[in-house]
Amino acid sequence: SRAVYIELLGKTPRIQFEAVLKRHGMLERLSLDAITSDYWEVAESYEPEPFPETIEVLEALRNAGHTLLVSSVGTTASVKRKTRLAGIDGMFRLTLGTDEGVVHMVKGPGHFHLMRQVLDLDEPAFQQRAVFVGDAAHDMRVGRAACLPAIGRLTGSNHAALLAAGATHLISDLRDIE
């Protein structure tokens, strides 16, 4: 149901699969590890589709002296592959994916902890200097939970979801960040 999906949104695929399989009484019959592995194999094979303005904006931000970081629910390997294929891999000081079982390697507080370490900033300084940009409701919730401005990139159908999740600003083009 939609309510279940919304509740699970933002959780790792393994957690989502486990909840669905339990709900249908199938968890004992199927291998959660195999399903999760198959999922990541398929997900990691997709070609990235960055917004048309992505490279231009990232270059401008970097050239203006901003430090760029990536936080994703995808695996670290998947995120690195996708940034490489999109031609933006060299633009980030830190690229973080979600690796279950590894301390701080989950999008949200764990990633923000690592970012603060790399930037040598305490939490108040990080909150004053950072913004969190994304195109999903989960991105807005993650940014707001960390007391960061959450900038939502509109994709056509996500306006209400971004606002409901706490977006502090909505933009239709990443150039509006500059």
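Everything discussed here concerns the structure shown above.
On a predicted model such as this, the values are computed, not experimentally measured, just so you know.

Definitions and cut-offs
- Residues numbered from 1 in each chain as written.
- Predicted model: local features only at pLDDT ≥ 70, side-chain atom pairs only at ≥ 80, totals over all residues.
- Heavy atoms only, no water.
- Helix = DSSP H or I, 4+ residues; strand = E, 2+ residues; numbered from the N terminus.
- Rg over C-alpha atoms; globule rule 2.2 N^0.38 Å.
- Phe/Tyr/Trp six-rings, centres within 6.5 Å; stacked < 30°, edge-to-face > 60°.
- Buried < 20%, exposed > 50% of the residue type's maximum accessible area, 1.4 Å probe, protein only.
- Lys NZ or Arg CZ within 6 Å of the ring centre and 35° of its normal.
- Pairing = 2+ DSSP bridges.
- Axes fitted to C-alpha atoms, helices over the stretch in contact; angles between N-to-C directions.
- Contact = heavy atoms within 4.5 Å.
- Core = buried A, V, L, I, M, F, W, Y, C linked by side-chain atoms within 4.5 Å.

Draft legend 1. Spotlight on the overall build of the protein. Within the protein, the regular secondary structure consists of 9 helices and 5 strands. Scanning the protein from its N terminus toward the C terminus, one meets helices and strands in the order α-α-α-α-β-α-β-α-α-β-α-β-α-β. For the protein, whose C-alpha radius of gyration is 17 Å, the value lies close to the compact-globule estimate of 16 Å for 178 residues. Judged by the C-alpha coordinates and their principal axes, the protein covers about 55 × 35 × 30 Å.

Draft legend 2. Just the packing of aromatic side chains, in detail. If you walk through the whole model with that rule in mind, you get 3 aromatic pairs. Ring plane angle 70° and centroid distance 5.3 Å describe the contact between F17 and Y39, whose orientation is recorded as edge-to-face. Taken as a pair, F17 in helix α2 (residues 13-23) and Y39 in helix α3 (residues 32-45) lie far apart in primary sequence, 22 residues in all. Summarising the aromatic geometry, the rings of F112 and F132 are spaced 5.4 Å apart at their centres and angled 75° between planes, so their arrangement reads as edge-to-face. Of the two residues, F112 sits in helix α6 (residues 109-119) while F132 sits in strand β3 (residues 132-134), which places them 20 residues apart along the sequence. Residue classification places F112 among the buried positions, given a relative accessible area of 3%. F132 gets classed as buried once you look at its relative accessible area, which sits at 8%. Among the aromatic residues, those joined into a cluster by ring pairs are F112, F126 and F132. Stacked on the ring of F51, the Lys or Arg R153 has its end atom at 3.8 Å from the ring centre.

Draft legend 3. Structural view of the sheet that holds strand β5 (residues 169-171). Reading across the sheet, the 3 strands line up as β3-β4-β5 and stay open at both edges, with parallel pairing between neighbours. Where the open sheet ends on each side, the last strands, each with one partner, are β3 and β5. Shown here is a sheet whose adjacent strand axes are inclined to one another by a mean of 20°, direction ignored. Of the strand pairs in this sheet, β3 and strand β4 (residues 150-153) are connected by 3 bridges, and their pairing is parallel. Residue pairing for β4: V133 is matched across the bridge by I151. Taken strand by strand, helix α8 (residues 137-145) contacts β3 and β4, and its axis lies near 175° from that of β3.

Draft legend 4. Summary view of unusual backbone geometry. We note that D120 has phi near 55°; this positive angle belongs to a residue other than glycine. Residue placement: D120 occurs in the loop between α6 and α7 (123-129). With relative accessibility at 68%, the residue D120 sits in the exposed group. The backbone of C147 shows a phi angle near 65°, a positive value even though the residue is not glycine. By the secondary structure assignment, C147 is in the loop between α8 and β4.

Draft legend 5. View of the nonpolar core. Counting 14 residues, the largest nonpolar core has L96, F112, M115, F126, F132 and L148 as its most contacted members. Looking at this core, the elements with two or more residues in it are β2 (94-96) and α6. Per element, the largest residue contribution to this core is 4 residues, and it comes from α6. Non-local contacts of F126, meaning those with residues more than four positions away in its chain, are made with F112, M115, R116, L119, L121 and L148.

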